[in-house]
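Results of the structural survey
This is what each chain is made of:
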There are 4 protein chains.
Amino acid sequence: MTDSSSFTPVLPGIVPPMITPLAGLDELDHDALQRLIEHILGGGVHGLFVLGSTGEAPSLSGRLRREVVEHSVKLVKGRVPLLVGVTDTSFTEALELTRFAADQGASAVVIAPPYYFPAHQDDLKRYFTEFAAESPLPVILYNIPSHTKVDISLETAERLIEVPNIVAFKDSSGNMLFYNRLLELAARRPGFPVFMGPEELLGESVLIGGSGGVCGGANLVPSLYVEQYDAAVAGDLQRVHRLQQRLLRISSKIYGVGDAPSGYLKGLKCALSVVGLCSDRMAEPLYSLGDKKRQQIAQNLDDLELTLETSAT
Amino acid sequence: MTDSSSFTPVLPGIVPPMITPLAGLDELDHDALQRLIEHILGGGVHGLFVLGSTGEAPSLSGRLRREVVEHSVKLVKGRVPLLVGVTDTSFTEALELTRFAADQGASAVVIAPPYYFPAHQDDLKRYFTEFAAESPLPVILYNIPSHTKVDISLETAERLIEVPNIVAFKDSSGNMLFYNRLLELAARRPGFPVFMGPEELLGESVLIGGSGGVCGGANLVPSLYVEQYDAAVAGDLQRVHRLQQRLLRISSKIYGVGDAPSGYLKGLKCALSVVGLCSDRMAEPLYSLGDKKRQQIAQNLDDLELTLETSAT
Amino acid sequence: MTDSSSFTPVLPGIVPPMITPLAGLDELDHDALQRLIEHILGGGVHGLFVLGSTGEAPSLSGRLRREVVEHSVKLVKGRVPLLVGVTDTSFTEALELTRFAADQGASAVVIAPPYYFPAHQDDLKRYFTEFAAESPLPVILYNIPSHTKVDISLETAERLIEVPNIVAFKDSSGNMLFYNRLLELAARRPGFPVFMGPEELLGESVLIGGSGGVCGGANLVPSLYVEQYDAAVAGDLQRVHRLQQRLLRISSKIYGVGDAPSGYLKGLKCALSVVGLCSDRMAEPLYSLGDKKRQQIAQNLDDLELTLETSAT
Amino acid sequence: MTDSSSFTPVLPGIVPPMITPLAGLDELDHDALQRLIEHILGGGVHGLFVLGSTGEAPSLSGRLRREVVEHSVKLVKGRVPLLVGVTDTSFTEALELTRFAADQGASAVVIAPPYYFPAHQDDLKRYFTEFAAESPLPVILYNIPSHTKVDISLETAERLIEVPNIVAFKDSSGNMLFYNRLLELAARRPGFPVFMGPEELLGESVLIGGSGGVCGGANLVPSLYVEQYDAAVAGDLQRVHRLQQRLLRISSKIYGVGDAPSGYLKGLKCALSVVGLCSDRMAEPLYSLGDKKRQQIAQNLDDLELTLETSAT
């Protein structure tokens, strides 16, 4: 177990959840991986998170996940903390990927509840406590009930925040009532960040005291999310409102083109493909948007004047 | 792809979803596996299904899953068709386990929708069609929306029932409106069974025209479920009602001791442990019932007069 | 309070939930009311239920509800028991309508949980117990969680089944696991019927021991549901299967034309209008199906050969 | 229809949803009504809202609702705009209460979707458009899907915001993603407020551009919510954070004592009773908290130092 008191694997700020660029079934696109990492880090972000939901990790084979970790660590070269998603329905698989990530030199792991069997809160407490005890890397808890079918309850969070090797929380519930309560709990442990998942809530979450965001849009325009974070930390409401409008437009015009709930992922990867960062190949059971929606996204990127910024990167 | 017109991997009847007996973390209990298989087959069942939800498959490592397949095939020795659950969030992993199962000599595979990303119906159709085309074994579709967050819709089922290598359907939705519609659709393809998941609905589903059940309780008392199937096929309503009372009592007194939704699995494994078939070791993120509930289940087994029948096997 | 031991307000069988025929906003169509009642009673049903969900009761003004009760009692003339839905979010309003129904000569009232505030089970127990104590008519409990947001739990049902003035249960949950448990509980009190809501489940519910159904389709073809009930009581599986196919076709071709969840009500009223029993005027917030869907339903009625039977009545 | 261009029935700010003080079943407590109104208006609020969810309106008889309107108008005497909740499952009843409220001199009505039948969005658009056309008072739309089972969708809101007699929106979804989108839409019609329901989100909603809140806690401590509104409008983040801590403590220690989902209402009315503003009599199907929880709330009010402020009013 890491002595987390002397080590800070994650700092407040913007930690983009990187998409996984694919060249085919079970095949990583190495060139695109390099392009993406340079593009994202070029935006001034505070960390990088691979193999999250945005990285389609659950849809990737174990072999491919390890390939992503190995190459991402090499490409990031310690410029920012590298977080690795290890969520799995199997404790053993989650732990083995964690050990692999540690061996490769990752900074921390991110883990959500196992997502097949809906676990009771007592079971979740035990699961995460045992996992944190075994993990050679600091652990960030990840709440995403829309995908795991289970909320990490406030009472469970209260207990887990006190586990030494658990060092941060990421909340993708979209439930600001819950997020506010988490902030209240986390305040008891100084230096314990609580990250916001949905980027549309980044501004207000930071205004109310949050720690930053895991913003998928930062794959495309990383600097925009860093700017919004800085504006909110500075309490510059006018700038926050102006940037918020831009964030909402990106959300509508990129993520809203395909149907929910997968429209976000399909739209994001399609946009990254249009601007030339990677292909729009998805991992099954998701499939790329068709030609018509791709053209719509290309047009929307023009309207948003996003083509230029991205290609200039 | 199998020529399913000349091969019937699954027949109507009772196909118990076997629990996975564990000796420790990531460790299969081989003695218990043998005992369980002999006990279940001794009840006159029509098939055996390993690595389903009752088998806690998603919680097992890939390695352990292959171990279960390998040894189950050897122990069953072709006495009944052996079905293998291969549901996975990764298409590649599901397919590799299918190939392994085929190599070992399994009869068919059972696959539910990938259970992390909620897939659209069009994506599901494509996913299962591609999977069936690649699978060296006949494919049984498995609907369990409580765990996968997505229903296989009637329209999707209508299309998939026509895919040659898809040979049966298992419905664990508990939604009899849906099940009745499935029966209506399946009637178009003679010899296409539609199995009922929840054992409490076995009797009436067969009375209304269904094909049998995947009854977890058949790990404990296999003959009881075979009797209920036979009674319903024969239209013996009085016998069905009498056996139904017994099935409901088992459900209340074994599955209802722990809290839903995992009380079924914990209670079943606990009861199997009490009667000496295997230990009650669960795979994380589920954990065994505590001593007090175990004593309650032991008492309930006495009340149900189940100890004797089981130990006699 | 009624001495329910000496009085049987409801018997097993088919108790159609009558639609409310409207001539305009807040205006009852008296001619259609008479036609409908004669049509339904002509089918040999065992009771009539006005002001249920199918009767759009919650959408009607208090004044119009009383008008429906007054005229229905007069038209039924005691030929079958007349049940009146009194569900309301206000205890006082529910009780006043009950008293009015008693004064007019109705046989019993049907009441679901208040449907605005999601009540706790303890609150529900108290609410129904107090209501039953005040009600001058026997009380039938009605479970319809899709509309009330709350299930009457098994534990609550267990308690309420023992309240003297509560004489029957209607379950529209569509959840056969729950329905089976209700049957088990109700068996403790002889002569306590448990009616099935969704007509698609009528056959199997009676086969497994249920008491009959509150079938909306009986507004259109009352004799069909009576036949299915008789076939199931007789254990004539072949006839049940044949009639079940017809019930499912009516469900698909009439209720399935408009979008769920209101397609059932809109389709039913449209079909009744096509065959000339009443207009298709709905009560706000529901509105009639458009011309195209009306033509579809007219065509489907032809396909189902329902026009003749109905007009002959 | 009001010419809403020359009339502003609602201004941004704090508009408390008043509880309904009861003296018994179907009996208004007139003394408590007067005390409450003076207490709330003494806190500097910007409007008063009677017969909302917090006012338990759906649980009150039609007669009692009119009594509340009549007396509230007389007691408020035009000091602030008086809003009246008229949500009903019957269009006719909603409209009649609206006409009554207009005759008495209320400022505007608040209406949520009818809450029994889950309506389609097209039906909702038509319903609200027709209602707004008939209403003699300006109309405020109210989104509360937890109680009505239906979201007013963004597309529906987009259309309704353009209806002349619809003048504001209240969102109690607790979904900040939705609220942010509403703000974006409402920006197209200057002077169209979008109020926040859950008071725990008041601060951040105003920081991100919202218009104020309908805060139940303002029955107890009206000035606190006015302060938070002012702090957020001024962009004083430190003050917002400090007041937010107090709001969250009130939420935990008053609303969190009883079980969700009715714990909020029961806790609030209990606290108002402890400080002497009214009795804790609830309208069925809700019932007062028991003695033990009442003592807990009394203790918590002491901890929060709320007794004094309230009794001093």
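Here the structure is shown first, and the text comes after it.
Computed from a predicted model, the values in this text were never measured in an experiment.

Rules of the game
Residues numbered from 1 in each chain as written. Chains lettered and ligands numbered in written order. Predicted model: local features only at pLDDT ≥ 70, side-chain atom pairs only at ≥ 80, totals over all residues. Heavy atoms only, no water. Least-squares fit on C-alpha atoms with pLDDT ≥ 70 in both. Buried < 20%, exposed > 50% of the residue type's maximum accessible area, 1.4 Å probe, protein only. Helix = DSSP H or I, 4+ residues; strand = E, 2+ residues; numbered from the N terminus. Pairing = 2+ DSSP bridges. Right-handed = clockwise from strand over helix to strand, strands pointing away. Contact = heavy atoms within 4.5 Å. Phe/Tyr/Trp six-rings, centres within 6.5 Å; stacked < 30°, edge-to-face > 60°. Core = buried A, V, L, I, M, F, W, Y, C linked by side-chain atoms within 4.5 Å. Buried area = accessible area lost by both parts, 1.4 Å probe. Salt bridge = Lys/Arg side-chain N within 4 Å of Asp/Glu carboxyl O. Polar contact = N/O pair within 3.5 Å; in protein donor to acceptor, adjacent residues only side chain to side chain. Nonpolar A, V, L, I, M, F, W, Y, C, P; charged D, E, K, R; others polar.

Before going further, it helps to examine the relation of the copies chain A and chain B. Take chain A, turn it by 180 degrees, move it 0.0 Å along the axis, and it overlays chain B with an RMSD of 0.0 Å. Overall, the copies show the geometry of a two-fold rotation axis.

The next point concerns the pairing of strand β5 (residues 82–85) of chain D. Residue and element names in this part refer to chain D. Burial along β5 is two-sided: L82 and V84 facing one way and L83 and G85 facing the other are all buried. As paired elements, strand β4 (residues 48–50) and β5 share 3 bridges and run parallel to each other. The partner of F49 across the bridge, within β5, is L83. Regarding topology, helix α2 (residues 62–76) serves as the crossover connection from β4 to the parallel β5, and that connection is right-handed. Remark: the β5/helix α3 (residues 91–104)/strand β6 (residues 108–111) crossover connection has right-handed handedness.

On to the arrangement of the chains, then. In this view chain A stays clear of chain C, with the nearest C-alpha atoms of the two still 19 Å from each other. There is a clear gap between chain B and chain D: no contact, and 19 Å between their nearest C-alpha atoms.

Residues and elements named next belong to chain C. Mapped onto the elements, K293 comes out in helix α12 (residues 291–303). Between the C-alpha atoms of K293 and S53, which are 240 residues apart in sequence, the distance is 22 Å. Discounting residues that sit within four places of it in the chain, K293 has contacts with V257, G258 and D259.

Next up on the list: the packing of aromatic side chains. Per the counting criterion, the structure on display carries 30 aromatic pairs over all chains. Centre to centre, the rings of Y115 of chain A and Y115 of chain B are 5.9 Å apart; their planes meet at 40 degrees, and the pair counts as tilted. Of this pair, Y115 of chain A sits in the loop between β6 (108–111) and α4 (121–134) while Y115 of chain B sits in the loop between β6 (108–111) and α4 (121–134), each in a different chain. Relative accessible area serves as the criterion here: at 1%, Y115 of chain A is assigned to the buried category. Ring centres of Y127 of chain C and F128 of chain C lie 5.6 Å apart, and the angle between their planes is 85 degrees; on these two criteria the pair is classed as edge-to-face.

Attention shifts here to the relation of the copies chain D and chain C. Rotating chain D by 180 degrees and translating it 0.0 Å along the rotation axis places it on chain C, where the RMSD comes to 0.0 Å. An overlap of 100% is found between the interface residues of chain D and their copies at the interface of chain C, pointing to a shared contact surface.

Here the focus is the nonpolar core. Among soluble globular proteins, nonpolar side chains are generally buried collectively. L48 and Y225 of chain B together with L48 and Y225 of chain C are the most contacted members of the largest nonpolar core, which has 200 residues in total. The contact partners of L48 of chain B, leaving out residues within four places of it in the chain, are V15, P16, M18, I37, I40, L41, V76, V80, P81, L82 and L83 of chain B. Grouped together as the second largest cluster of nonpolar side chains are 198 residues, A271 of chain A together with A106, V226 and L268 of chain D included.

Counting residues at the interface gives 41 residues for chain D and 41 residues for chain C. In total, about 3700 Å² of surface goes out of reach between chain D and chain C, with carbon and sulfur atoms giving 63% of it. Interface area lost by chain D to chain C is led by Y116, F117 and Y287 of chain D, which between them contribute 22%. One can count 2 salt bridges joining chain D with chain C. The partner of D123 of chain C in a salt bridge is K266 of chain D, and the shortest N-O contact between them spans 2.7 Å. Where chain D touches chain C, the interface holds 17 residue pairs in polar contact (both at pLDDT 80 or more). Of all the elements in the fold, those that place two or more residues in the side of chain D that touches chain C are α2, α3, α4 (121–134), α5 (145–148) and α11 (263–274) of chain D. At 4 residues, α4 of chain D tops the list of elements feeding residues into the side of chain D that touches chain C. Counted by class, the side of chain D that touches chain C contains 19 nonpolar, 11 polar and 11 charged residues.

Glycine aside, residues mostly have negative phi angles, and peptide bonds mostly take the trans form. Across the junction of A260 of chain B and P261 of chain B, the peptide omega takes the value 0 degrees, indicating a cis bond. For P261 of chain B, the position within the fold is in the loop between α10 (237–255) and α11 (263–274). Residue P285 of chain C is bonded to the preceding E284 of chain C through a cis peptide linkage, with omega at 10 degrees. One can find P285 of chain C in the loop between α11 (263–274) and α12. A positive phi angle is found at D26 of chain A, which is not glycine, with a value near 60 degrees.

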